[in-house]
Amino acid sequence: MRMNARLPAPLALCLLSIAACGGGSSIPGAVGGSSGQQGQLVGADAAVSGGGDASGWTTLGNSDAGGAVAPNAAYYGRLAVSGGVPYAIYSDYSKSEKLTVMKLTSGKWTPVGSAGFTTESTYYYTLYVDGTTPYVAFIGYSSPYALTVMKYNGSAWVLVGNAAFASTSGYGTPTLAVSNGIPYVAFLDTSSYLHVMSLSGSAWVDLGGAPVSTYAYYCTMTISNGTVYVAYNDENKSVMNLVTWSGTAWTLVAQWTYMIEGDWDPVLTFNNGTLFLIYYNYTYGVIVWKL
């Protein structure tokens, strides 16, 4: 059953720590896309293996607070790193669950602009840093479930386009990226249609002029060398699709079969020219693919 609610805490912790929340084998297989490419499992096992401890990990900043960015004041957190500098975003309990962004400066976590800078409490949110400019995309409670993008201009958080420019299902985290100074955002609308939009002047417009998929369930986006990549659960066909934007149309790159309602919160990322996809599967745990 689809629920407009935050993920349960154990699942959120699993996603953030990339630790195994399950195990097993016989992962649903990869299917070649129109380009003939196929995804490959990373590692011999079905899921990312846990079973370790925190040896080798060190906290960043604020040792007097146990390394916490926001002690006893945060609900969920996300991280972005640009130029070797970490930034963190969280829903700030001390500011009525409005957003706060922190930056690690000289070993201390310091606010970027005002703490609790959003005008409303936030539901789902994401962070992207373009050079030294942080961007946030968030779904607000009071709009209701409307999507807004903001950036920090060096002195204040300002709107990118209009506030509450799109209505969402209130389900799943929007994905944000910036390429050549142009911001892009992927999200699900009130009908669970997948949209990928970019800023044109002061208006947000759909790439291709229409939704990417008519019925999606979770989505993730990344951009490499100007090429937009989007992965999403296509419930019309019970597959996870990886598509790219050619500038004129969406092209299927690869597919993975999946269990309906079984794969959660996919995340795409590039490293040294290799595309990685990580997601949580209800049966098998955390799974990583590469292409």
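Quick note: structure is the one above.
Residues numbered from 1 in each chain as written. Predicted model: local features only at pLDDT ≥ 70, side-chain atom pairs only at ≥ 80, totals over all residues. Heavy atoms only, no water.

(A) Summary view of the overall build of the chain. Check the secondary structure of the chain and you find one helix and 22 strands. Sorting the 291 residues of the chain into buried and exposed places 47% on the buried side. Total accessible area on the chain is roughly 13300 Å²; 51% of this is exposed by carbon and sulfur atoms. (Helix = DSSP H or I, 4+ residues; strand = E, 2+ residues; numbered from the N terminus. Buried < 20%, exposed > 50% of the residue type's maximum accessible area, 1.4 Å probe, protein only. Areas by Shrake-Rupley, 256 points an atom, 1.4 Å probe, with all protein chains shown as cover.)

(B) Representation of the nonpolar core within the structure. The biggest cluster of nonpolar side chains holds 17 residues, and the ones touching the most others in it are L194, V196, M221, V228, V230 and Y232. Those elements that place two or more of their residues in this core are β13 (182–188), β14 (194–200), β16 (216–224), β17 (227–234) and β18 (239–245). For this core, the element with the most residues is β16, which contributes four residues. Filtering out sequence-adjacent residues up to four positions away, V196 remains in contact with V185, A186, V205, D206, L207, V212, M221, V230 and W250. Core analysis: the next-biggest nonpolar cluster, separate from the first, contains 16 residues, I139, V160, A166 and M197 among them. (Core = buried A, V, L, I, M, F, W, Y, C linked by side-chain atoms within 4.5 Å. Contact = heavy atoms within 4.5 Å.)

(C) View of the sheet that holds strand β15 (residues 203–206). An order of β12-β13-β14-β15 is seen for the four strands of this open sheet, with the pairing classed as antiparallel. The open sheet terminates on both sides in strands that have one partner only, identified here as β12 (175–179) and β15. Averaged over all adjacent pairs, the angle separating strand axes in this sheet is 30°, with direction ignored. In terms of strand pairing, β14 meets β15 through four bridges, oriented antiparallel. Within β15, the position partnered with S200 by the bridge is A203. (Pairing = 2+ DSSP bridges. Axes fitted to C-alpha atoms, helices over the stretch in contact; angles between N-to-C directions.)

(D) Up close: the packing of aromatic side chains. Considering all chains together, one arrives at nine aromatic pairs under this definition. Seen from their ring centres, Y123 and Y145 are 5.2 Å apart, and the 45° between their planes marks the pair as tilted. A residue pair is termed long-range when its members are at least 10 positions apart, and Y123 in strand β7 (residues 122–130) and Y145 in the loop between β8 (133–140) and β9 (146–152) qualify at 22 residues. By relative accessible area, Y123 is classed as buried at 5%. Judged by centre distance (4.8 Å) and plane angle (10°), the rings of F165 and W204 are stacked. In this pair, F165 sits in the loop between β10 (157–159) and β11 (166–167) while W204 sits in strand β15, placing the two residues 39 residues apart along the sequence. (Phe/Tyr/Trp six-rings, centres within 6.5 Å; stacked < 30°, edge-to-face > 60°.)

(E) Highlighting the side chain of S179. The residue S179 is located in strand β12 in this model. In this structure S179 touches Y184, I223 and G226, once residues within four positions along its chain are discounted.

(F) Structural view of unusual backbone geometry. With phi around 50°, S106 is a residue other than glycine that occupies positive phi space. Residue placement: S106 occurs in the loop between β5 (98–105) and β6 (108–111). One non-glycine residue, N272, lies in the positive phi region at around 50°. Inspection of the secondary structure puts N272 in the loop between β20 (263–271) and β21 (274–281).

(G) Here's a closer look at the pairing of β5. With six bridges connecting them, strand β4 (residues 85–92) and β5 associate as antiparallel partners. Paired with I89 across the two strands is V101, which belongs to β5. Hairpin connection, β4 to β5: the antiparallel pair is bridged by five residues, and S96 has positive phi, about 60°. Where β5 meets β6, four bridges bridge the pair, whose relative direction is antiparallel. Bridging from a neighbouring strand, T105 pairs with K108 of β6.

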